[in-house]
Each structure stands twice: as structure tokens, then as C-alpha cells.
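Architecture and fold: a report
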Amino acid sequence: MRRLKEIHKIQELVFELKVGEAKAEKVVTLSPTTMMSEVRAVLKSNKIAAAPVIEHDSLIGIISVNDYINWLAKGDPDCPVYEKMSREVVFLFEDEPVVDAIKSFDKYGFYEFPVIERRSGRFTGIITRRDIILGLLKAIEIDYSKMELSSYSGRHFFNETAADEISLLFTYGVEGRKIQRGGEVASSLKRNLSYLGIHPEIIRRVAIATYEAEMNLIIYGEGGEIGVRMDMERINITVKDTGPGIPDIQKALKPGFSTAPDWVRELGFGAGMGFPNMQSCADSFEIHSTVGVGTTLHMGFPLEASENLMECNP
Amino acid sequence: MNDTISLDRRLGIIYHSAVNRSIYERSSMKGSLYLEEIVKILEAQVLLDEGWLRGKIETIYCSDLMSDILSFSDSRSLLLTGLINPQIIRTAEMVEIRVICFVHNKLPHEDTIELAKQDEIVLLSTKFSMYEACGRLYIAQRASNIT
């Protein structure tokens, strides 16, 4: 799936990316008065197959290894490149898409094309197959970093939806005692948030806190409801049960305090770290409980990860 | 239910409740190992692996307490545990643990494996106790850190 997307992206890019953006700007050029005997050294030391001949910023010809060999083969005396260069030069305009350049490489079999600014006719650089590949790679990279930044904000969903106030509400019912189903709510909430493009660190914090709350509902609360309300700024989670309630909330919030029965501890839960974990993940945490009536828990999370986002760790 | 809990799991509970948190944090160590190396070191049986993991394991943890696992923060990590119920997979999913190794020859139930498959978590099982498995990996990890 991902690979397919990348191919589509490159297909788009060969039309979007212009020759002028991909071309190499620092190129070796020759003046018309350069002597033929000097050409070999220039081509060799720069590892190039041809060099444009430039006079007053204008392209007047190109001298290639072929031209040089022909000159050697004929045994002609040394002369300025002006006399031996190819005058009929195939060039590309700056504003052409690179797909045209790719076609030209196939059509003419040249290694490079001079690039010309359409309006002024000025010579501005050279383009090779390598430049095209590098240009495409760079464009993809820029695109990806742009995509990553925008897709993690979660805001794009809201930005593209027209209304004065938007909020999303997810509600989940949790059955008591069914420990084998514990985690289903947190797991599906986690998936929903990642579909919405929320920042991974925020998802992680929400998932951990929800999972702890969900297990509490199953173990102590005899079931209940988890409501998640997401607006443009925040994710607010409300966890409600009509269970036995908590007699001493301060005590229950202490790390290590637990009233978990053995069967719960045997499964690895009930170490008395549930509330402390929730508190460290959420940036607002509130709990109300009445014995015999039930417990309500509110947790809040920012929608966007800030620079100095604390890890979900006490 | 009780007979499925081994001695080292009981010791694990005592250890974890007794040890101060800050010391506990140090029970994970940076130093990377490839999955294949880990399998070799632990002489482990691979219960589930469909090539989900690329690159190295950065962090190794051991715990038999869900809450402790939930307060881990590294995602490319390996968890050594004696817990084999499906909730261990749920817990690992929340913190994005990629590999779980069950110690003491423990084998998880079908539904645990099924859940791990959905979440693309690699499952291993080793005959070694938690203590020995940790010791072996600790030595290897330190060696990989030095080189």
C-alpha cells in the first residue's frame, strides 16, 4: 500500500518538479576561445562527457568527448573550441517538467542537457539523469517531512470540517468482571486516534490512561462507561461507573495502594499504580466518588504535542 | 489458577513491590541487539514472528506487573515476563512493545497468540528463569554497548 503511494507520488512529482529546480547550477563551461588541446583535461578532471560553450551568458554550442575524438582522429591542428563545437544543441527550458527531460534523455541518448531560461535565453545550468534522481528524492523528502508535521497535528481533520465548533464523541461500554476483554476499549480508541492523525505521543498517553481506567472498571467498578470527547484543542475522557465507590480517595491515589483481590494480582494487575499512571499521563485529572453510588473520573489531554512534552512516566 | 504461577513470578512480585521506583527504572538498559541474537542468547523458541521487526531491539525490560510495564516509555523494546494471559498483549500494545519473551518455558494460550498476531508482536519462549534470562541478556547487551 505504502509502496503504491510512493509510486503515485513520484508520478506526480515528475510533472510538478521543473527542470530549473533539479538542474545543477555549478557547472563547468568553456569559453569559445578555449583551445581544443585543453578540452581533454577539463572533461577528465571534472569527470564530464561534454561541456557547454558560453559567450556573454548565452549558450553558443557544446563540446563533447565525441567532438574531441573526431578532432584527434582527423589530426587537425590545435584551434579554439569555437571551430569544432556542435552548434545544434538540444536544450531544455527551466520551466519544463522533468518528465520532458526524461523523454529527451531517451530520445537523444545524451548524458546531459543545457538548461536555458525561456524569456531571456540565458544559460543557467546543466541537467543530467543524476540531477533528476536527486531532485526527485529531495522533493519526496521535503514532502514527507511536511506530511509528517501536518498529519501529526490532528488539527487537519478539524480544519477541513466547516463549523464554528466541532467535537467528536466516542462512547464505550465496559462489562464488569470480564477481564479477558480488558483492553478492547483502549485498543480501539488508540486505533481511532491514529486514524485521525493525532501525535503518537499523545495517543500513547491517552491509550495508557484509558487502559488503566478500563481495567479499573472491570476489576472494581463492576462495569461502566468510557466517554471520549475530542475538540479542536483537547481530548477529554470521562469514566463513569455505578460501582461500590471509593471511601478514601486520597489513600486510593497513593502509589502502591491497592485493594485488588488475589485473582486480579495473579494476572499481573492490582499493584496500586493505576491512578498514579493515569495522573502522570493526563495533564488534568479529577476524581469524584460516593460510596454506594459510584465513581466518576475526568482526564484531559492536549491535542497537540508540545516541544517539551513530558513522557508518560512519573 | 494458583499452580500456573511459578516461584520466580512470586519472587517477581515481591521484588517489584519492594524495590524503589527509581531503582526499578534502572532495570532497563540501552544497548542494541538483533532479534536473532536474542533468540540465540536465550536459546528461545520462536512462537510467533512474521518478520514485523526490522532493526535492533533498543531496550530490554522485565516485569510481571502490568502497571510497571505501562509506565515504560520506549517503544522498540523487548519484555521478559512470566505473564501469559491475553492482557499482557494488550498492555504491550499500549506502550508499543515489539517483542515479548515468556520465561520458564511458559507457553501462552491460543487467544494470547491470536491477539499478538493482530498487534504484530513477536513472541518468544525461553527455558531459562527470569533471573537467568535477564543475566544472559544483560551481559550480551553490555558487550554490544562496548563494541
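Computed from a predicted structure; not experimentally measured.

1. Some details on the overall build of chain A
- Scanning chain A for helices and strands turns up 13 helices and ten strands.
- Across the 314 residues of chain A, 46% fall into the buried class.
- Pairs at least 24 residues apart make up 62% of the contacts formed inside chain A by residues separated by at least 6 positions.

2. What to know about the sheet that holds strand β4 (residues 112–116) of chain A
Residue and element names in this part refer to chain A.
- Here three strands make up an open sheet; going across it, the order is β3-β4-β5 and the pairing mixed. Each having just a single partner strand, β3 (92–93) and β5 (123–128) make up the two edges of the open sheet.
- Of the strands in this sheet, β3, β4 and β5 touch helix α6 (residues 98–108), which is tilted by about 135 degrees from β4.

3. Brief notes about the environment of A:F301
Residues and elements named next belong to chain A.
- Looking at the secondary structure, you find F301 in strand β10 (residues 294–302).
- By relative accessible area, which is 1% here, F301 ends up buried.
- Separated by 16 residues in sequence, F301 and F285 place their C-alpha atoms 9.4 Å apart.

4. Considerations on the confidence of the model for chain A
- This prediction gives chain A a mean pLDDT of 84; 89% of its residues lie at or above 70.
- A low-confidence stretch, residues 308–314 of chain A stays under pLDDT 50, and its non-local contacts, those more than four residues away or across chains, total 20 contacts.

5. A few points about the packing of aromatic side chains
All names here are of chain A.
- Considering all chains together, one arrives at eight aromatic pairs over all chains under this definition.
- Ring plane angle 70 degrees and centroid distance 6.1 Å describe the contact between Y108 and F113, whose orientation is recorded as edge-to-face.
- Relative accessible area serves as the criterion here: at 35%, Y108 is assigned to the partly exposed category.
- Taken together through their ring pairs, the aromatic side chains of F105, Y108, F110 and F113 make up a single cluster.
- Sitting above the plane of the Y82 ring, R87 keeps its charged end 4.7 Å from the centroid.

6. Structural notes on the side chain of A:S64
- Assignment of secondary structure puts A:S64 in strand β2 (residues 58–64).
- In this structure, A:S64 is in contact with A:L43, A:A49 and A:A50, ignoring residues within four places of it in sequence.

7. Quick look at helix α13 (residues 274–281) of chain A
- Within α13(A), six of the eight residues are buried, which leaves the element mostly enclosed by the surrounding structure.
- Taken as a whole, α13(A) has its buried residues at A:G274, A:F275, A:P276, A:N277, A:M278 and A:C281.
- In this fold, the buried residues of α13(A) make contact with α10 (200–219), α11 (249–253), β9 (284–290) and β10 of chain A together with α4 (66–70) of chain B.

8. Some remarks on the pattern of salt bridges
All names here are of chain A.
- Under the criterion given, the structure shown has 15 salt bridges over all chains.
- Across the pair R122 and E117 runs a salt bridge, and its minimum N-O distance is 3.9 Å.
- Between E184 and R181 there is a salt bridge, with the nearest N and O atoms lying 2.9 Å from each other.
- Its relative accessible area of 31% is what places E184 among the partly exposed residues.
- Three or more residues joined by partner-sharing salt bridges are found here, namely E175, K178, R181 and E184.

9. Considerations on unusual backbone geometry
Residue and element names in this part refer to chain B.
- A positive phi is found at E96, a non-glycine position, where the angle reads about 60 degrees.
- Accessibility expressed as a relative area gives 37% for E96, which makes it partly exposed.
- One non-glycine residue, N105, lies in the positive phi region at around 60 degrees.
- Here N105 shows up in the loop between β5 (99–102) and α6 (110–119).

10. Concerning the sheet that holds strand β6 (residues 168–175) of chain A
All names here are of chain A.
- One open sheet accounts for five strands, arranged β6-β7-β8-β10-β9; its pairing is antiparallel. The two strands at the open ends of the sheet, each matched to only one other strand, are β6 and β9. When strand polarity is set aside, the average angle formed by the axes of neighbouring strands in this sheet is 10 degrees.
- Relative to strand β8 (residues 234–241), strand β7 (residues 223–230) is paired through six bridges, and the arrangement is antiparallel. Looking at the pairing, E225 lines up with K240 of β8.
- Contacts between helix α9 (residues 184–195) and the sheet are confined to β6, β7 and β8, with β6 contributing the most and set at about 165 degrees to the helix.

Criteria and cut-off values
- Residues numbered from 1 in each chain as written.
- Chains lettered and ligands numbered in written order.
- Predicted model: local features only at pLDDT ≥ 70, side-chain atom pairs only at ≥ 80, totals over all residues.
- Heavy atoms only, no water.
- Helix = DSSP H or I, 4+ residues; strand = E, 2+ residues; numbered from the N terminus.
- Buried < 20%, exposed > 50% of the residue type's maximum accessible area, 1.4 Å probe, protein only.
- Contact = heavy atoms within 4.5 Å.
- Pairing = 2+ DSSP bridges.
- Axes fitted to C-alpha atoms, helices over the stretch in contact; angles between N-to-C directions.
- pLDDT = per-residue confidence, 0-100.
- Phe/Tyr/Trp six-rings, centres within 6.5 Å; stacked < 30°, edge-to-face > 60°.
- Lys NZ or Arg CZ within 6 Å of the ring centre and 35° of its normal.
- Salt bridge = Lys/Arg side-chain N within 4 Å of Asp/Glu carboxyl O.

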